[in-house]
Amino acid sequence: MWQAAGARLQCPGAPCRRRRELGARMMSNLLIRVLCLSALLLAGAAQAAPRADLWQRWTAHDPSSTRQIDHSAWEAFLTRYLRIGADGSHRVAYGAVTPADRQALEAYLDGLARVPISAYSRPQQLAYWINLYNALLVEVVLDHYPIASVRDIGASPNPGSGGPWNEKRIEIEGVPVSLNDIEHRILRPIWRDPRILYALSCAAVGCPNLQPEPFRADRLERQLSQAAMAYVNDPRCIQIDGRDLSVSSLYRWYREDFGGTDRDVLNHLMAYAEPHLAMVLQDFDQITGDVFSWRLNDAAP
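Residues numbered from 1 in each chain as written. Predicted model: local features only at pLDDT ≥ 70, side-chain atom pairs only at ≥ 80, totals over all residues. Heavy atoms only, no water.

Peer 1: Explain empty space enclosed by the protein here, please?
Peer 2: Which parts of space are left empty comes out when a probe the size of a water molecule is rolled across the atoms. One pass over the full model with this rule turns up 3 cavities of 30 Å³ or more. Taken together, Ser89, His90, Arg91, Ser201, Ala204, Val205, Cys207, Pro208, Asn209, Leu210, Arg236 and Asn297 form the lining of the largest cavity. Split into classes, the residues belonging to the lining of the largest cavity amount to 5 nonpolar, 5 polar and 2 charged. Quantified by volume, the second largest cavity comes out at close to 40 Å³. What lines the second largest cavity is Tyr94, Asn134, Leu137, Val138, Val141, Ser201, Ala203, Leu210 and Asn297. Across the lining of the second largest cavity, the residue classes tally to 6 nonpolar, 3 polar and no charged. (1 Å grid on protein atoms, 1.4 Å probe; cavity = no way out; pocket = protein on both sides within 12 Å on 5 of 7 lines; lining within 4 Å. Points joined across faces, edges and corners; volume = space filled by probe spheres on them. Nonpolar A, V, L, I, M, F, W, Y, C, P; charged D, E, K, R; others polar.)

Peer 1: Is there a simple way to think about the sheet that holds strand 5 (residues 238-241) in this case?
Peer 2: Paired through their backbone hydrogen bonds, the strands of a sheet run either parallel or antiparallel. In space, the 3 strands of this open sheet follow the order 5-6-7, with mixed pairing throughout. Either end of the sheet is taken by a strand with one partner, and the two such strands are strand 5 and strand 7 (289-291). Strand-to-strand twist in this sheet, taken as the mean axis angle between neighbours without regard to direction, amounts to 25°. Pairing of strand 6 (residues 244-248) with strand 7 involves 3 bridges; the strand directions are parallel. Residue Val247 lies in a different strand from strand 7, and its bridge partner there is Asp290. (Pairing = 2+ DSSP bridges. Helix = DSSP H or I, 4+ residues; strand = E, 2+ residues; numbered from the N terminus. Axes fitted to C-alpha atoms, helices over the stretch in contact; angles between N-to-C directions.)

Here is the structure:
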């Protein structure tokens, strides 16, 4: 909250009142300008996600490898704590997680950290990085729970940064890695498949659902397409009011991943929309707004 500070002016009469009124107007105008500038800066910062910036270190792979990674511990956690609501939204019962299952989740992540992932095939790597991202973020939320939003994590002392995305949370092959590294420097630039965005759950109600089973190398094509269809056909993704079409902010943040234009985004949406929705979308040439909720995907009442 802004508050003017300083000694009170000690002079009676109209001239002094006019100076006080002028000073108040100047402070008001200055405040308006500062707030507008701040809003513009914040809006500009929110226009897009970080650019896909390839981390060359993680391009190594072995196409001939037949080695597999065990994700059964993550599957057990999801089976116990993922709740699927009547509206189709998937939420996590963070408050119900037992100490034993917290330890099991930590052990799973420790196991992933020991995997020499550069020696695995591309499909195994893709499933690995997606599951690592989702499990790691659940652990982060559990470490700070209860919270109202994942953006409350790490918001202080840098209020503009909100969220745990840049924290080097785990070491893979001895290299510190953050959530942003996994998404923007590994997954997006290496695979260049926008369906991957539907596989990553950001622990917010507005995000694509956390899936009830781990991603697996031999099921990736089906799992990625199902995740895309589930989100596109959810009201959280598309809202139509007359001639106004609002879509999830996901398509603004990652606009380039979907082609770069409204037409590209609409074509993508129609490719995964149910027939009736696809027909409705054909009548639109542009997107007029976007919607998103950062409220925690918490199953607590």
